[in-house]
Amino acid sequence: MHDNIVLIGFMGCGKSSIGRRLATRLGHRFLDCDDLITERAGKSISAIFADEGEEYFRNLETEALTDLRDRRNMRGISDSRGIVLATGGGAVLRPQNRDLLHDIGTVVWLHADADTLFERATRSGKRPLLEVENPRTTFNALLESRLGIYESSSDHRVDASGLSHDQTSELIFRTISGHSGESSAADPV
Ligand code: S3P
């Protein structure tokens, strides 16, 4: 049994902000897979996509997850604390990655309604997959194609719709502690 938590979910669901809060709540170390990739590549995710393409980025993603699973090549991850890992929205696409995520920890799918996800995902301009002529069409197609994967890849699902980051973090905490089953905004926090 490990007490690491892996957050999966679509771009804009709040994996990083909520993951940070959850890590504090649990006394865990927070790690963000995209940050690990950025650090290693020495450039932003957008620059990696622009210069080398998505497949190259996906290889770096698998490499980072493999290293995390094996606890190597990463500053500080060998300390005794558990981790909360925020993954990129596409980290679940490769079956190999899905196995890695389950090896790393309990997988929690962080979901929210489509309008909230779209608004948050396009706010920063840092998501190369949505830097296209008609982002909403691309967003809808990507979301549609991924929902089933998030569902089947997760141990728990938490619906953040209508909740603040603090409330969502608390809801995840309760869910993984077994105090809440299928979780949604309707559940008391
Ligand atoms: C991606 C999501 C991004 C980042 C990359 C690809 C995706 O992470 O990994 O732009 O395929 O959904 P966030 O989910 O943190 O935005």
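These lines cover the structure that appears in this document, whether it is placed above or below.

Reading the values: rules and limits
Residues numbered from 1 in each chain as written. Predicted model: local features only at pLDDT ≥ 70, side-chain atom pairs only at ≥ 80, totals over all residues. Heavy atoms only, no water. Helix = DSSP H or I, 4+ residues; strand = E, 2+ residues; numbered from the N terminus. Buried < 20%, exposed > 50% of the residue type's maximum accessible area, 1.4 Å probe, protein only. Contact = heavy atoms within 4.5 Å. Near = heavy atom within 4 Å. Polar contact = N/O pair within 3.5 Å; in protein donor to acceptor, adjacent residues only side chain to side chain. Areas by Shrake-Rupley, 256 points an atom, 1.4 Å probe, with all protein chains shown as cover. 1 Å grid on protein atoms, 1.4 Å probe; cavity = no way out; pocket = protein on both sides within 12 Å on 5 of 7 lines; lining within 4 Å. Sits in = over half its atoms within 2 Å of the grid points. Nonpolar A, V, L, I, M, F, W, Y, C, P; charged D, E, K, R; others polar. Points joined across faces, edges and corners; volume = space filled by probe spheres on them. Pairing = 2+ DSSP bridges. Axes fitted to C-alpha atoms, helices over the stretch in contact; angles between N-to-C directions. Core = buried A, V, L, I, M, F, W, Y, C linked by side-chain atoms within 4.5 Å.

1. Description of the overall build of the protein chain
And step 1. What the protein chain contains, in helices and strands, is eight helices and five strands.
And step 2. Starting at the N terminus and walking to the C terminus, you meet the elements of the protein chain as β-α-β-α-α-α-β-α-β-α-α-β-α.
And step 3. Looking at the protein chain as a whole, 46% of its 189 residues qualify as buried.
And step 4. A separation of at least 24 residues holds for 70% of the contacts in the protein chain among residues at least 6 apart in sequence.

2. A short note on the site of the ligand
And step 1. For the ligand, the set of nearby residues contains 13 residues, the closest of which are Lys15, Arg58, Gly89, Arg127 and Arg146.
And step 2. For the ligand, an oxygen atom lies 3.3 Å from a polar atom in the backbone of Gly90.
And step 3. For the ligand, the accessible surface in isolation is 380 Å², of which the surrounding protein chains cover 94%.
And step 4. According to the grid-proximity analysis, the pocket containing the ligand is the largest pocket.
And step 5. For the shell around the ligand, the class distribution of residues is five nonpolar, three polar and five charged.

3. Thoughts on the layout of surface pockets
To find leftover empty space, a probe the size of one water molecule is rolled over the atoms.
And step 1. If you add up the space inside the largest pocket, you get close to 850 Å³.
And step 2. Taken together, 34 residues line the largest pocket, and the ones lying closest to its centre are Ser16, Asp34, Ser124, Lys126 and Arg127.
And step 3. Breaking the lining of the largest pocket down by element, the ones donating at least two residues are helix H1 (15-26), helix H2 (33-41), helix H3 (45-52), helix H4 (54-70) and helix H6 (114-123).
And step 4. If you tally residues by element for the lining of the largest pocket, the top one is H1, at four residues.
And step 5. Among the residues making up the lining of the largest pocket, the classes are represented as nine nonpolar, 13 polar and twelve charged.

4. A word on the side chain of His28
And step 1. Relative to the elements of secondary structure, His28 occurs in the loop between H1 and strand S2 (29-32).
And step 2. With a relative accessible area of 11%, His28 lands in the buried category.
And step 3. Within the structure, His28 has its side chain in polar contact with the backbone oxygen of Asp3 (distance 3.0 Å).
And step 4. Residues in contact with His28, not counting those within four places in the same chain, are Asp3, Ala23, Arg81, Gly82, Ile83 and Val84.

5. A short note on the sheet that holds strand S3 (residues 83-86)
And step 1. Taken together, the five strands give an open sheet; going across it, the order is S2-S3-S1-S4-S5, and neighbouring strands pair in parallel fashion. The sheet is open, and its two borders are formed by S2 and strand S5 (156-159), each paired with just one other strand. With strand direction ignored, the average angle separating the axes of adjacent strands in the sheet is 25 degrees.
And step 2. The sheet contact formed by strand S1 (residues 5-8) and strand S4 (residues 106-111) spans four bridges and is parallel. Bridge pairing in S4 links Ile8 to Trp109.
And step 3. Relative to the sheet, helix H7 (residues 135-153) contacts S1 and S4, its axis offset from that of S4 by approximately 145 degrees.
And step 4. The sheet contacts of helix H8 (residues 165-176) involve S1, S4 and S5, and relative to S5 the element is tilted by about 155 degrees.

6. A look at the nonpolar core
And step 1. Among the nonpolar cores identified, the biggest contains 50 residues, and Ile8, Phe10, Ile37, Leu85 and Ile172 are the most heavily contacted of them.
And step 2. With five residues, H4 is the single largest residue contributor to this core.
And step 3. Beyond its immediate chain neighbours, meaning those up to four positions away, Ile37 contacts Ile45, Ile48, Phe57, Leu60, Glu61 and Ala64.

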